[in-house]
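As a plain string of letters, each chain reads:
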Amino acid sequence: GQQLNQSPQSMFIQEGEDVSMNCTSSSIFNTWLWYKQDPGEGPVLLIALYKAGELTSNGRLTAQFGITRKDSFLNISASIPSDVGIYFCAGQTGNEKLTFGTGTRLTIIP
Amino acid sequence: DTGVSQNPRHKITKRGQNVTFRCDPISEHNRLYWYRQTLGQGPEFLTYFQNEAQLEKSRLLSDRFSAERPKGSFSTLEIQRTEQGDSAMYLCASSLPGSPSYEQYFGPGTRLTVT
């Protein structure tokens, strides 16, 4: 099945650093969602975006819905150890299936 | 806990056996989705229900797979004659339609290992 392109695939950062990751698609989506997944668990919803150009924050997380509706960005400021995990973007048309990205694995170096 | 629940969390089965998983969505969420996630990949859509009606099935859902949601509440996913390629995490999600909220909330998943 189709998977959206996420970059980078993995990131190794030090605690306190800011993080940026993005997601691109060949298709237009009406909604972009960002999830975080810990090993052996289901994805947890972080942020949802509904309008092209929209910028939304949730604590230290900020996400943007690209103007073309084919991309989205997630930034994490001042990373902490519990930010470790895999981050997935997901695009959605209507209230139907999600198309997920390939994931960005975040590791914090002590 | 009022989140999505899935049972069992882990299932080990021998090739050729049938398995059934259960998903209980968040109360009042009328849409329920099944996804499959293999190692190192993002979840891939399998099928979804609105109430008891199954509205869409992915090509990934071969004829060995069947999903039901008989009363519009919990759902079951059955895999018949399991194959090693069926080994994956099976995720369930639910949502409550209504603008602007189309967010899907996931359960913890059922990890299937076919030996």
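As shown above, the structure is provided for reference.
Structure report, in brief. (Residues numbered from 1 in each chain as written. Chains lettered and ligands numbered in written order. Predicted model: local features only at pLDDT ≥ 70, side-chain atom pairs only at ≥ 80, totals over all residues. Heavy atoms only, no water.)

1. What about the sheet that holds strand β7 (residues 61-65) of chain A?
Residues and elements named next belong to chain A. Strand order in the open sheet made by the five strands is β1-β3-β8-β7-β6, with antiparallel pairing throughout. Either end of the sheet is taken by a strand with one partner, and the two such strands are β1 (5-7) and β6 (55-58). Strand after strand, the sheet turns through a mean of 15 degrees between neighbouring axes, direction not considered. Note that β1 and strand β3 (residues 19-24) share three bridges and pair antiparallel. (Pairing = 2+ DSSP bridges. Helix = DSSP H or I, 4+ residues; strand = E, 2+ residues; numbered from the N terminus. Axes fitted to C-alpha atoms, helices over the stretch in contact; angles between N-to-C directions.)

2. Re the state of the cysteines
What the rule picks out here adds up to two disulfides over all chains. The residue that forms a disulfide with Cys23(A) is Cys89(A), at a sulfur-sulfur distance of 1.9 Å. Its torsion about the S-S bond being 50 degrees, the disulfide of Cys23(A) and Cys89(A) is classed as right-handed. Of this pair, Cys23(A) sits in strand β3 while Cys89(A) sits in strand β9 (residues 85-92); the two residues are 66 residues apart in sequence, bridging distant segments of the chain. Just as Cys23(A) is buried, Cys89(A) falls in that class too. Disulfide partner of Cys23(B): Cys92(B), at an S-S distance of 1.8 Å. Where Cys23(B) bonds to Cys92(B) through sulfur, the torsion about that S-S bond is close to -70 degrees, and the disulfide is left-handed. (Disulfide = S-S within 2.5 Å. Buried < 20%, exposed > 50% of the residue type's maximum accessible area, 1.4 Å probe, protein only.)

3. Remarks on the interface of chain B and chain A
Tallying the contact residues gives 26 residues for chain B and 22 residues for chain A. Summing both sides of the interface, chain B and chain A together bury roughly 1900 Å²; the carbon and sulfur share of this comes to 50%. Linking chain B to chain A there are two salt bridges. Its salt-bridge partner being Glu56(B), residue Lys97(A) comes within 3.4 Å of it at the nearest N-O pair. For the pair chain B and chain A, the number of links is eight residue pairs in polar contact (both at pLDDT 80 or more). For the side of chain B that touches chain A, the elements supplying multiple residues, two or more each, are β4 (31-37), β5 (44-50), β9 (88-95) and β10 (105-106) of chain B. Of all the elements, β4(B) adds the most residues to the side of chain B that touches chain A, at four residues. Across the side of chain B that touches chain A, the residue classes break down as 13 nonpolar, eight polar and five charged. (Contact = heavy atoms within 4.5 Å. Buried area = accessible area lost by both parts, 1.4 Å probe. Salt bridge = Lys/Arg side-chain N within 4 Å of Asp/Glu carboxyl O. Polar contact = N/O pair within 3.5 Å; in protein donor to acceptor, adjacent residues only side chain to side chain. Nonpolar A, V, L, I, M, F, W, Y, C, P; charged D, E, K, R; others polar.)

4. Topic: the nonpolar core
Formed by 21 residues in total, the largest nonpolar core has its most connected members in Trp32(A), Trp34(A) and Leu74(A). At the level of secondary structure, the elements contributing two or more residues to this core comprise β2 (10-14), β3, β4 (31-37), β5 (44-49), β7, β8 (71-76), β9 and β11 (104-109) of chain A. Each residue touching Leu74(A), except ones within four places of it in the same chain, is listed here: Val19(A), Ser20(A), Met21(A), Trp34(A), Ile47(A), Leu61(A), Thr62(A), Ala63(A) and Tyr87(A). Judged by nonpolar contacts, the second largest core, of 19 residues, contains Phe21(B), Trp34(B), Phe65(B) and Tyr90(B). (Core = buried A, V, L, I, M, F, W, Y, C linked by side-chain atoms within 4.5 Å.)

5. So, unusual backbone geometry
In this structure, Pro8(A) follows Ser7(A) across a cis peptide bond, with omega equal to -5 degrees. By the secondary structure assignment, Pro8(A) is in the loop between β1 and β2. Going from Asn7(B) to Pro8(B), the amide bond is cis rather than trans, its omega being -10 degrees. Topologically, Pro8(B) is positioned in the loop between β1 (5-7) and β2 (10-13). Look at Arg69(A): it is not a glycine, yet its phi comes out positive at around 70 degrees.

6. Let's talk about the pattern of salt bridges
Overall, the coordinates contain seven salt bridges over all chains when judged by the stated rule. Across the pair Glu41(A) and Arg9(B) runs a salt bridge, and its minimum N-O distance is 3.5 Å. Placement of the pair is Glu41(A) in the loop between β4 and β5 and Arg9(B) in the loop between β1 and β2, with the two residues belonging to separate chains. For Arg9(B), a relative accessible area of 31% translates into the label partly exposed. As a salt-bridge pair, Arg64(B) and Asp86(B) come within 2.8 Å of each other at their nearest N and O atoms. Within this pair, whereas Arg64(B) is found in the loop between β6 (53-57) and β7 (65-68), its partner Asp86(B) is found in the loop between β8 (75-79) and β9, the two being separated by 22 residues in sequence. Taken together, the salt bridges that share partners define one network made up of Arg64(B), Glu83(B) and Asp86(B).

Note that every value here comes from positions in space, so none of it alone points to a role or purpose.
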